[in-house]
Amino acid sequence: MDEKKKPEQGKPEKKLSRTTLTFYIVGLFSVAIALILISYVAQARADRQLDTLTNQLNEQQTVAQGATQKMEDLETQYDAQSAALDKVRKVLDTELAETDVVSATEQRMEEREVYALLARINAQLLAENREDAKKAYDELVQKYGEDRLLGNTEDSFDADINKLFEAVQQQMDSQNSDAE
């Protein structure tokens, strides 16, 4: 009889074992499904972040391309301006033009004005219009200074102007001594 009791006692243990096993399997599948869901949500989130980062990268590349294009445009403008500046320096053909184009240009404009005033004074002297010649001479000396016109200063005009002014000055002095 003991033999009959033993197998009967083994059967409930097997049922308990099968129930436990079934519970564990269901639990494992539940955990697996939960992990799959968590993985899916994490992957979806990562995909969204990747799309966002891709869009940002594309925008930055577009901005970088725009900046590169702007830089190329600026380089082209710089080259054109440098070429134009070199032409201006060549036309001015002075030492000052190598370092300060604006001052060299201003000096050239002043020289042009001085030439015009000297021509006007000479024309008035030739026409024997001493009064207007004297006014133009005084205007010239007052505006530019006698020392600068004679070439005695650092920023004096070129030698041709100096010679022309000396000639006009001598004519004015000789006419002033004749008038006295």
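Our subject is the structure that appears above.
All of these numbers come straight from a predicted model, not from anything done at the bench.

Caption draft 1: Here's a closer look at the overall build of the protein. Counting its secondary structure elements, the protein contains 6 helices and 0 strands. Secondary structure elements of the protein, listed N to C terminal, follow the sequence α-α-α-α-α-α. By residue count, 16% of the 180 residues in the protein fall in the buried class. A separation of at least 24 residues holds for 46% of the contacts in the protein among residues at least 6 apart in sequence. When the accessible area of the protein is evaluated, it comes to approximately 14,500 Å², of which 55% is carbon and sulfur surface.

Caption draft 2: Focus on the side chain of glutamine 169. Relative to the helices and strands, glutamine 169 resides in helix 6 (residues 159-179). Glutamine 169 sits in the buried class, given a relative accessible area of 15%. A distance of 2.5 Å separates polar atoms of two side chains, one belonging to glutamine 169 and the other to glutamate 146. When sequence neighbours within four positions are dropped, the list of residues in contact with glutamine 169 reads Tyr137, Glu146 and Leu150.

Caption draft 3: A look at the packing of aromatic side chains. Taken as a whole and judged by the stated rule, the model has 2 aromatic pairs. With centroids separated by 5.7 Å and ring planes inclined at 5°, the aromatic side chains of tyrosine 137 and phenylalanine 165 adopt a geometry described as stacked. Of the two residues, tyrosine 137 is situated in helix 4 (residues 130-144) and phenylalanine 165 in helix 6; the sequence distance between them amounts to 28 residues. Exposure class is identical for tyrosine 137 and phenylalanine 165. Each is buried.

Cut-off values and rules
- Residues numbered from 1 in each chain as written.
- Predicted model: local features only at pLDDT ≥ 70, side-chain atom pairs only at ≥ 80, totals over all residues.
- Heavy atoms only, no water.
- Helix = DSSP H or I, 4+ residues; strand = E, 2+ residues; numbered from the N terminus.
- Buried < 20%, exposed > 50% of the residue type's maximum accessible area, 1.4 Å probe, protein only.
- Contact = heavy atoms within 4.5 Å.
- Areas by Shrake-Rupley, 256 points an atom, 1.4 Å probe, with all protein chains shown as cover.
- Polar contact = N/O pair within 3.5 Å; in protein donor to acceptor, adjacent residues only side chain to side chain.
- Phe/Tyr/Trp six-rings, centres within 6.5 Å; stacked < 30°, edge-to-face > 60°.

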